[in-house]
Amino acid sequence: MNINVLYRPGMAMAKVELQHGEAIRAEAGAMIGMSTSLNMQTGMTGGLGGGLKRMFGGESFFQNTYTAHNGPGEVLLAHSLPGDIEVMEIPQSGLFIQSTSYIASHPAVNVATEVGGFKNWFGGEGLFVLRATASGPGQSVVFGAFGGIQMLPCDGSLLIDNGHLVAWDTTLTHSLVKSGSGFISSFLSGEGLAFRFQGRGRIWIQTRNPKEFGQSIASRLPPV
Amino acid sequence: MQFEIRQKPDFALARIQFDAPGEQLLVEASAMVAHDGGLAMETQMQGGLLGAAKRKLLGGESVFQNTFTATAPGQSLWVAPGADGDMEQVILNGGYDVMLQSGAFIASVPSVSLDTQWAGAKGFFSGNGLFLLRASGHGPLFFGTYGGIHAVDVGPNGYICDTGHIIGFTSGLQYNVRKLGGLKNLFLSGEGLVAEFRGQGRLWISTRNATGLAAFLQPFRPRKSN
Amino acid sequence: MCDPRHTGGRVCLWFPDSGESMQHQITHGPSFSMLRVDLNPGETLVAEAGSMVARSESLQMAVKLNAGGSSGFLSKVGSLLIAIVRKFIGGESLIVNHFSGPSAGSIWIAPAMSGSILHRRLQGEKLVLSSGAYVASVGNVDVNMKFGGLSSILAKEGAFMLEVGGQGDLWFNSYGGIETVDLNGGTYIVDNGHLVGYEGNLQMTMTTAGKGLMSFAASGEGVVCKFSGSGRIYIQSRNVESLIGYVTRLLV
C-alpha cells in the first residue's frame, strides 16, 4: 500500500495505491474516485456493538473497505473542509484523534470511541475523541484538518485552543481550562476553552478553527 | 491575450492581460477581483433573453455575465471563483468539446460557445440543481471549483468517480451513473451515486465536494424565528 | 517616550526601537498562514479576539476594547460607539486580546479566514487596511478606524477601514492569497471584498460597478474601489461575500 498526499496543503487528497489483495478502510463519504478494479464493501466493523459505539462517538456508523480484488488499483480519499491531510504511522502507545479529523486507516487498525476523561472537551459540539490502536508496526492512519497541520512537540505543558486540535500522542495527560483569567474574560475574549497538555508527546493542530469559520459564514446564510 | 493562473490550488486566481484593443473576455458575474480602469465593462445577457434564461434555469449560471473589452494594449484583469479552491484553463481547438458542471464556469472568449446539456435523466448531479454546460469552439476557457482540480486521463480501464466531485470531462468520454455496490451500500455506505466513465479522454475531478461544505455549515445557520 | 502625566487613560508601553523586527515565524503560507511570536518578558502582543491557536502557559491574556490610538475618556467613548456600529454593519470584532507575561513565552495566532499573513515593520508610515485584515501588532502601533462615508455603507465590509501607523510590528492577513498591484498613474478598480489594503500616494473612491442601478444589481459586482495616483494596492484572491453567494446557491 502506498499513500501519497496531493494538492497540499489546502485541497489535500490522499491517493491510495493498493496492490492486488490489499485493502483500506475509510470514512463513509470520503471517496472521490477509484479504479474500476476495486471492490467496495460497507460494513459495521466490530459487529453491531462496534457500529453503535462508533455512531455514539460521532464517527459515521459505517465504514467502507476498498479492496483490490482484481489486480492493483487506486482510491482517492478526502475530507470536506479545505485543509491538509497527514498520514501517520500509529505508535505502539496509540493515537488520539478528534472525531471529525479521521479519514481512513489500515484495515487492521482498531478505531474506537474513547469515552473516559474527554466528556466536556468539546462542550456539546458533537465532537468526540477516537483512539486508534495498531495491531503491529507499519500500520497508518490518515487524518485531515481545516487549514494546515502543525505538529507541536510538548515537553512540559502547552495550552491549545478548543477547535484547533486534530490528534495527539496518548502519552500526554490533559485537562480542560479556561483560556483567560476569570470567567468574564473568557466569555468576552473570543477564546473559550483551552486544553492544557502535560508530559512529553506530539500534538497535531490545525491552523484554522472550524467553529469560528462556521459561525462567521453560516450566520450570514438564509435561516433554516 | 496572455494569462497566468496563480495561487494554485488553494486560492487560485487568473490574471489576464489583453494584447490589443478590442480583445474581449466573457466573465461570470461576481468572479471579478480587480481590473484596469481603462477596460470597458458591459453587463449583457449572452444569447439574448431566451438563451440567458435557458442558461439560468437549466444551466445554473446566473443570467448576467460581464464582458470586458480592452481599449488599449497591456490592460489587465483578475478573476477568481467564489469558493476556496482551484482554477484550470483549456484552450479549445475545435477537436473536442468540454462538458462542464454549470457551477464551474468562470470565463471564456466570445469564440467559445456555451450551451446547456440536459443531464437530469441520467441522474447526474441529482438534487443539486447543477447541470452540464457544453463548451465548444476555439479559444481559452477558464473554470474553477471548491477543491483542487485533479485530472485523470481515462483509458481502456475506465474510471469511477463520485458524482459530487465531477467538474468536467472531454467529449470523448461516456458515462453511466449507478450506485456503488449492492442495495445495502446505497443507503449505508455514505457514498452517493457514482459515474463510471469509459472511452478516451480527460476527466477533471475536484478534491472537495461542495455539498460537504454546505453540510458542515448547516448546523451553524441562523434559525427562523416564529 | 512616555510621560505618565500626558497619556491619560492609556497604558504606555515603551519599546526601545532598535529597528529590528520582533522574533516571529509565519508558517503554512500562503494558504493557511499561522503566526508564531516569541515574546520576551514584559513584551505585549495585541491580537484580534478569537485568533489564538496555542500559547505557552507563561503568557497571560487580557481582554481590551479595540479603542484605537487616541487616549482620553471622550475619545474612548467615541471609539466604543464606532465599534458598536461596526459590530452591526460587520467587520472586525470589538475585542482584542493582549498577551504578555513575566517570563518569555510563545504564542501561535491564526485568523478566521484562510490565507496569507504578511509582516510589516512600521517606522512611521501609514497603511490603510480593510477592517477584516488586522491580525496582530507589537509596539506603538496605532490602529484607528476610519469611516468610509455614506456610499461605503453599501459595502458591508468596506464601511470601516483601518488606518494603521506608528512604530512597531504589524501583521495583517488576506482571505486567499495576496497579490500586489503597483499603480503609477492611471486607474485601477478593485472589488471591495477583494481589497486588503493600500499605501502610498493613492486616492480611493468607492462606487458601484456598472453604470446605473440596473447594472449594479445585474453585474454581480457590488461596490468597487477606484484607485488613482501612485502606490501599492494589496488584493486578496477570495471574497467572503462571494463565498456566501456560492454556498447560498448550493442550498436552494
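Figured I'd write up the structure that's included with this text. (Residues numbered from 1 in each chain as written. Chains lettered and ligands numbered in written order. Predicted model: local features only at pLDDT ≥ 70, side-chain atom pairs only at ≥ 80, totals over all residues. Heavy atoms only, no water.)

1. What to know about the overall build of chain B
Scanning chain B from N- to C-terminus turns up three helices and 18 strands. Taking contacts inside chain B between residues at least 6 apart in sequence as the whole, the part at least 24 apart equals 77%. For chain B, the exposed area adds up to about 8,600 Å²; of that, 54% sits on carbon and sulfur atoms. (Helix = DSSP H or I, 4+ residues; strand = E, 2+ residues; numbered from the N terminus. Contact = heavy atoms within 4.5 Å. Areas by Shrake-Rupley, 256 points an atom, 1.4 Å probe, with all protein chains shown as cover.)

2. Some points on the sheet that holds strand 17 (residues 193–199) of chain B
Reading across the sheet, the seven strands line up as 1(A)-2(A)-7(A)-4(A)-14(B)-17(B)-16(B) and stay open at both edges, with antiparallel pairing between neighbours. A single partner strand is all that each edge strand has here, and the edge strands are strand 1 (2–6) of chain A together with strand 16 (173–179) of chain B. On average, each strand axis in the sheet is tilted by 20° relative to the strand beside it, whichever way the strands run. As defined by bridge partners, strand 1 of chain A adjoins strand 2 (residues 13–18) of chain A across five bridges and the pair is classed as antiparallel. Within the sheet, the bridge partner assigned to asparagine 2 of chain A lies in strand 2 of chain A and is glutamate 17 of chain A. (Pairing = 2+ DSSP bridges. Axes fitted to C-alpha atoms, helices over the stretch in contact; angles between N-to-C directions.)

3. Focus: the interface of chain B and chain A
Of the residues lining the interface, 41 residues belong to chain B; the matching set on chain A comes to 43 residues. For the pair chain B and chain A, the two sides together bury roughly 3,400 Å², of which 63% comes from carbon and sulfur. Inspection of the region where chain B meets chain A yields zero salt bridges. For the pair chain B and chain A, the interface holds 15 residue pairs in polar contact (both at pLDDT 80 or more). Broken down by secondary-structure element, the contributors of at least two residues to the side of chain B that touches chain A are strand 13 (149–154), strand 14 (159–162), helix 2 (183–188), strand 17, strand 18 (201–206) and helix 3 (210–217) of chain B. Within the side of chain B that touches chain A, the residues separate by chemical class into 16 nonpolar, 14 polar and 11 charged. (Buried area = accessible area lost by both parts, 1.4 Å probe. Salt bridge = Lys/Arg side-chain N within 4 Å of Asp/Glu carboxyl O. Polar contact = N/O pair within 3.5 Å; in protein donor to acceptor, adjacent residues only side chain to side chain. Nonpolar A, V, L, I, M, F, W, Y, C, P; charged D, E, K, R; others polar.)

4. Some points on helix 3 (residues 210–218) of chain A
Those residues of helix 3 of chain A that fall on the buried side of the exposure criterion are Pro210, Phe213, Gly214, Ile217 and Ala218 of chain A. Viewed along the axis of helix 3 of chain A, the buried residues span an arc of 100°, placing them on a single side of the element. Against the buried residues of helix 3 of chain A lie strand 17 (193–206) of chain A, helix 3 of chain B together with helix 3 (240–251) of chain C. Between a side-chain oxygen at the N-terminus of helix 3 of chain A and the backbone nitrogen of lysine 211 of chain A the separation is 3.1 Å; the capping residue is asparagine 209 of chain A. (Buried < 20%, exposed > 50% of the residue type's maximum accessible area, 1.4 Å probe, protein only. Arc of directions from axis to C-beta.)

5. As for the interface of chain B and chain C
Taken together, the contacts link 36 residues of chain B with 38 residues of chain C. Between chain B and chain C the total buried area reaches about 2,900 Å² when both faces are included, carbon and sulfur atoms providing 58% of it. With a closest N to O distance of 2.8 Å, glutamate 179 of chain C and arginine 6 of chain B form a salt bridge. Here chain B and chain C share 14 residue pairs in polar contact (both at pLDDT 80 or more) between them. Examining the composition of the side of chain B that touches chain C, we find that five residues originate from one element, strand 4 (residues 32–36) of chain B, more than from any other. Taken together, the residues that form the side of chain B that touches chain C break down as 20 nonpolar, 11 polar and five charged. Note: strand 4 of chain B against strand 12 (residues 178–191) of chain C, three bridges, orientation antiparallel.

6. Comments concerning the packing of aromatic side chains
By the definition in use, this model includes 15 aromatic pairs over all chains. With 6.0 Å between their ring centres and 65° between their planes, phenylalanine 143 of chain A and tryptophan 204 of chain A make a pair best called edge-to-face. In this pair, phenylalanine 143 of chain A sits in strand 13 (residues 140–144) while tryptophan 204 of chain A sits in strand 17, placing the two residues 61 residues apart along the sequence. A single burial state applies to phenylalanine 143 of chain A and to tryptophan 204 of chain A, both of which are buried. Among the aromatic residues, ring-to-ring pairing joins Phe146 and Phe213 of chain A together with Phe216 and Phe220 of chain B into one connected group. (Phe/Tyr/Trp six-rings, centres within 6.5 Å; stacked < 30°, edge-to-face > 60°.)

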